[in-house]
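A closer look at the structure
Here is what each chain is made of, one letter per residue.
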Amino acid sequence: MIKVRGLTKRFGDVVAVDDLSFDVAPGQVTGFLGPNGSGKSTTMSMIMGLNHPNSGSVTISGKKYKDLRWPMREVGGLLEARAIHPGRSAYAHLWSLAQYGGITKSRVDEVLELVGLTSVAKRRVGKFSLGMGQRLGIAGALLGDPAVILLDEPVNGLDPEGIRWTRSLCRDLAAEGRTVLISSHLMAEMARTADQLVLIGKGRLIAELSVDDFVACSSKQSFKVRAANLDLLIPALEDAGALTLREPNSCLTVMNLSAEAIGELALEQQNALYELTDLSSLEDAFMELTEGAVEYRAS
Amino acid sequence: MTTTLLIRDDVTESNSRAGLRCALRGEWTKFWSLRSAGWSVFALALVTYGLCYLSTNALRSQARIDDPIMRVLVGFNFGQFVMGVLGVLFLSSEYSTGQIRSTVAAMPRPGIVLGAKAIVVGGVGLALGEVLSFSTYFLGRFILAGHASQISISQPGILRVLIESGIDLAIVGLIGLGIASIVRSSAASLSIFTSVMLVLTVVLFAMPGVIVHDMSRYLPANISSTIFASTTPSQLQGTPLFSPLIGLLIIALYAVVLLAVGGWMMTRRDT
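Keep in mind the model is a prediction, meaning the values are calculated, not measured.

What to know about the overall build of chain B
- Within chain B, the regular secondary structure consists of 11 helices and two strands.
- Tracing chain B from N to C terminus, the helices and strands come up as α-α-α-α-α-α-α-α-α-α-β-β-α.
- Summarising its shape, the C-alpha atoms of chain B cover approximately 75 × 45 × 30 Å along the three principal directions.
- Counting across all 271 residues of chain B, residues that qualify as buried make up 48%.
- Considering only residue pairs separated by 6 or more positions, chain B has 76% of its internal contacts joining residues 24 or more positions apart.
- In the form shown here, chain B has an accessible surface area of approximately 11800 Å², with 70% of it arising from carbon and sulfur atoms.
- On chain B, the mean spot of the 18 positive side-chain charges and the mean spot of the 12 negative ones are 4 Å from each other.

This is the structure we're talking about:
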């Protein structure tokens, strides 16, 4: 169980993570979704105790990361691909980590087998392909058989077989009752892997919802809404059975309700509608949700 | 997944927490699992023995010189650099490759990581330094035997030179590690290390004024030059020098201060 509360991180003037709060529950895969530069990696670094937040807190099973007695046996992390010295063999890398965690040599062999790197274990990591490097990173995360697993963009650069392998590994780990948090900027991939979604944009929480809800709602129609008084409109929409996702730029994504119903509800309240745009597919909905939150975009 | 063989049964910290002992094991493995470690040790030995041969062989046909042990151990001036560079890279390469993030995730108290690295660098430096100083002495004694500049451990100061030269090598390695723990970047750490060890000496001597000259005795290079010699001059080019033992304590203090500041900064900063 990971609890993130009011987490804020600034790098100079840039607010990378802004008052972020969410939970990651055990026994399911939680997808951490947001466009590039939205603060996913920074948040995961703070969960792993590598970056220090300006304010807020993260607890793992009720403890701060630095207070864990045997961090490797409680939390396993794949951090932004390749936090690994390229001059060492895969085996030496894992063995040195195992020694840090008081873990046996036979466990090193076991995780190498699990990720399918046994035959290249003595080869230097610098010679590894991107996919092999990702697998080695995952092996490192699993070394201590931890109950909490964080994988930052685990399918980045993987071939279809590697993507499928990672997906089923995540599902298996969650089925064993572990807490699994994986980040991605690919909506479609997350929809197939995760049970629960945490959506962020520009370091802020956009929504926390189940993949089923997200898929169900967005396979129906969803609308982008701007209105004079959103605070007034949201409860009324939700009473009418809509799912609303508030965006940072005072927009609202409304799902599970028709355009007519939205318009009439606003009229009842004397609440001026500035925009009511139809969003069709899941991918479109995600793009719309994060549009105001994309930091870098090709023009 | 099976968990039966997960935990080492010889881990005495198993009922407490991951600590220095585990970190030390991990860092020991890391040190020797890079090819550069083996090559550096090989290069160090080759250069120390090679320079000893070249410089002492020339003495066979000459009248006795003042301090033959200095000529025997001339390679240690080079060895210091190799050890310092090893100390720098042992940490700075973790920052340049991102490895440090795996390390600190495994041991969220970076002070313990640095402590373990310091013990490995200091231990390897000391063992290597003593083995090299004594073996080089025997090589030099063999070459100079029966000639005017022959050396013997019973001559005054020789044993002191041999012991302290090994310690000097370890301390210089720790100074390298300490610089890297503050600066992090390999390029910056190495240029600072080289500046302090080499360039500063030249620069200070080129400066006018007694105060600047007076400061030059605090430079590691000048301190080392007294350590590598059995007959210590009290002055070098008109500048007063520390005695070898005081000098050794001064550079040890440099290493301790650098590592303490670096350890504190590693704890404070993002990794």
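Observations concerning the interface of chain B and chain A
- The partner chain A presents 46 residues to the 41 residues of chain B that form the contact.
- For the chain B and chain A pair, buried surface summed over both sides reaches about 3800 Å², with 55% attributable to carbon and sulfur atoms.
- In this structure, the connection of chain B to chain A is made through one salt bridge.
- As a salt-bridge pair, A:Lys9 and B:Asp270 come within 2.7 Å of each other at their nearest N and O atoms.
- Counted by class, the side of chain B that touches chain A contains 15 nonpolar, 15 polar and 11 charged residues.

Structural notes on the pairing of strand E8 (residues 196-201) of chain A
All names here are of chain A.
- Here E8 lies mainly inside the structure; five of its six residues are buried.
- Summarising the sheet, strand E3 (residues 28-33) and E8 pair through four bridges and their orientation is parallel. Along E8, the bridge assignment pairs Thr30 with Gln196.
- Summarising the sheet, E8 and strand E9 (residues 204-210) pair through six bridges and their orientation is antiparallel. Opposite Leu199, over in E9, you have Ala207 as the bridge partner.
- Here E8 folds back onto E9 in antiparallel fashion, the turn holding two residues, of which Lys202 has a positive phi close to 50°.

Comments concerning the side chain of A:Ser184
Residues and elements named next belong to chain A.
- Note on placement: Ser184 falls in strand E7 (residues 179-184).
- With relative accessibility at 2%, the residue Ser184 sits in the buried group.
- When near neighbours in sequence (up to four residues on either side) are disregarded, Ser184 contacts Phe32, Leu33, Gly34, Lys40, Glu153 and Met190.

Side note on the packing of aromatic side chains
- By the definition in use, this model includes nine aromatic pairs over all chains.
- Ring geometry for B:Phe31 and B:Trp32: centres 4.9 Å apart, planes at 80°, overall edge-to-face.
- With centroids separated by 5.0 Å and ring planes inclined at 70°, the aromatic side chains of B:Tyr218 and B:Phe242 adopt a geometry described as edge-to-face. Of this pair, B:Tyr218 sits in the loop between helix H9 (210-215) and helix H10 (220-227) while B:Phe242 is found in the loop between strand E2 (239-240) and helix H11 (244-268), placing the two residues 24 residues apart along the sequence.
- The class of B:Tyr218 is partly exposed, set by a relative accessible area of 39%.
- These aromatic residues form a ring-pair network of at least three members: B:Trp28, B:Phe31, B:Trp32 and B:Phe90.
- The ring of A:Tyr91 has A:Lys122 sitting right over it, with the charged end atom 4.4 Å from the ring centre.

Re the sheet that holds strand E1 (residues 2-11) of chain A
All names here are of chain A.
- Across the sheet, three strands lie side by side as E2-E1-E4; this open sheet has antiparallel pairing. For this open sheet the edge positions go to strand E2 (14-24) and strand E4 (55-60), each flanked by a neighbour on one side alone. This sheet shows a mean twist of 20° between the axes of neighbouring strands, independent of strand direction.
- Both E1 and E2 contribute to a ladder of seven bridges, which runs antiparallel. From the neighbouring strand, Arg10 faces E2, where its bridge partner is Val15.
- Most of the contacts of helix H1 (residues 40-47) go to E1, to which it runs at about 120°, and overall it touches E1, E2 and E4.

A look at the packing of helix H3 (residues 90-100) of chain A against helix H1 (residues 20-32) of chain B
- In contact at an axis separation of 7 Å, H3(A) and H1(B) are set at 165° when each is read in the N-to-C sense. On the basis of the axis angle, H3(A) is roughly antiparallel to H1(B). H3(A) and H1(B) meet at a crossing whose hand is right-handed. For the pair H3(A) and H1(B), the contacting residues are A:Ala92, A:Trp95, A:Ser96, A:Gln99 and A:Tyr100 in the first and B:Cys22, B:Ala23, B:Arg25, B:Gly26, B:Glu27, B:Thr29 and B:Lys30 in the second.
- Looking at the contact of H3(A) with H1(B) residue by residue, the class counts come to five nonpolar, four polar and three charged.

Description of empty space enclosed by the protein
- Enumeration over the complete set of coordinates arrives at two cavities of 30 Å³ or more.
- Its boundaries defined by the atoms lining it, the largest cavity holds a volume of some 210 Å³.
- If you trace the largest cavity, you find 19 residues lining it, with A:Gly77, A:Leu97, A:Gly140, A:Ala141 and B:Ser102 closest to the centre.
- Only strand E5 (75-78), H3 and helix H5 (130-142) of chain A together with helix H5 (99-106) of chain B provide two or more residues apiece to the lining of the largest cavity.
- In terms of residue count, E5(A) provides more of the lining of the largest cavity than any other element does, four residues in total.

Comments concerning a nonpolar patch on the surface
All names here are of chain B.
- On the surface, a cluster of nonpolar side chains totalling about 390 Å² of accessible area is made up of Leu51, Tyr53, Leu54 and Phe78.
- Here the nonpolar patch takes three residues from helix H2 (residues 35-57), the largest share from any one element.
- Looking at where Leu54 falls in the secondary structure, it is placed in helix H2.
- Taking relative accessible area as the criterion, Leu54 reaches 59% and is therefore assigned exposed.

Side note on the side chain of A:Glu153
- Relative to the helices and strands, A:Glu153 resides in the loop between strand E6 (148-152) and helix H6 (160-175).
- Discounting residues that sit within four places of it in the chain, A:Glu153 has contacts with A:Asn36, A:Lys40, A:Gln134, A:Ser183, A:Ser184 and A:His185.

Regarding helix H6 (residues 110-144) of chain B
- With 35 residues, H6(B) should reach 51 Å at 1.5 Å per residue; the first-to-last C-alpha distance of 49 Å fits that figure.
- Once H6(B) finishes, B:Gly146 follows within two positions and takes phi at roughly 80°, a positive value.

Cut-offs applied
- Residues numbered from 1 in each chain as written.
- Chains lettered and ligands numbered in written order.
- Predicted model: local features only at pLDDT ≥ 70, side-chain atom pairs only at ≥ 80, totals over all residues.
- Heavy atoms only, no water.
- Helix = DSSP H or I, 4+ residues; strand = E, 2+ residues; numbered from the N terminus.
- Buried < 20%, exposed > 50% of the residue type's maximum accessible area, 1.4 Å probe, protein only.
- Contact = heavy atoms within 4.5 Å.
- Areas by Shrake-Rupley, 256 points an atom, 1.4 Å probe, with all protein chains shown as cover.
- Lys, Arg positive; Asp, Glu negative; His and termini not counted.
- Charge placed at Lys NZ, Arg CZ, Asp CG, Glu CD.
- Buried area = accessible area lost by both parts, 1.4 Å probe.
- Salt bridge = Lys/Arg side-chain N within 4 Å of Asp/Glu carboxyl O.
- Nonpolar A, V, L, I, M, F, W, Y, C, P; charged D, E, K, R; others polar.
- Pairing = 2+ DSSP bridges.
- Phe/Tyr/Trp six-rings, centres within 6.5 Å; stacked < 30°, edge-to-face > 60°.
- Lys NZ or Arg CZ within 6 Å of the ring centre and 35° of its normal.
- Axes fitted to C-alpha atoms, helices over the stretch in contact; angles between N-to-C directions.
- Parallel < 35°, antiparallel > 145°, perpendicular 65-115°, else oblique.
- Left-handed = near helix turned anticlockwise from the far one by under 90°.
- 1 Å grid on protein atoms, 1.4 Å probe; cavity = no way out; pocket = protein on both sides within 12 Å on 5 of 7 lines; lining within 4 Å.
- Points joined across faces, edges and corners; volume = space filled by probe spheres on them.
- Patch = residues over 30% accessible without salt bridge, like charges linked within 9 Å, V, L, I, M, F, W, Y side chains within 5 Å.
- Expected span 1.5 Å × (residues − 1).

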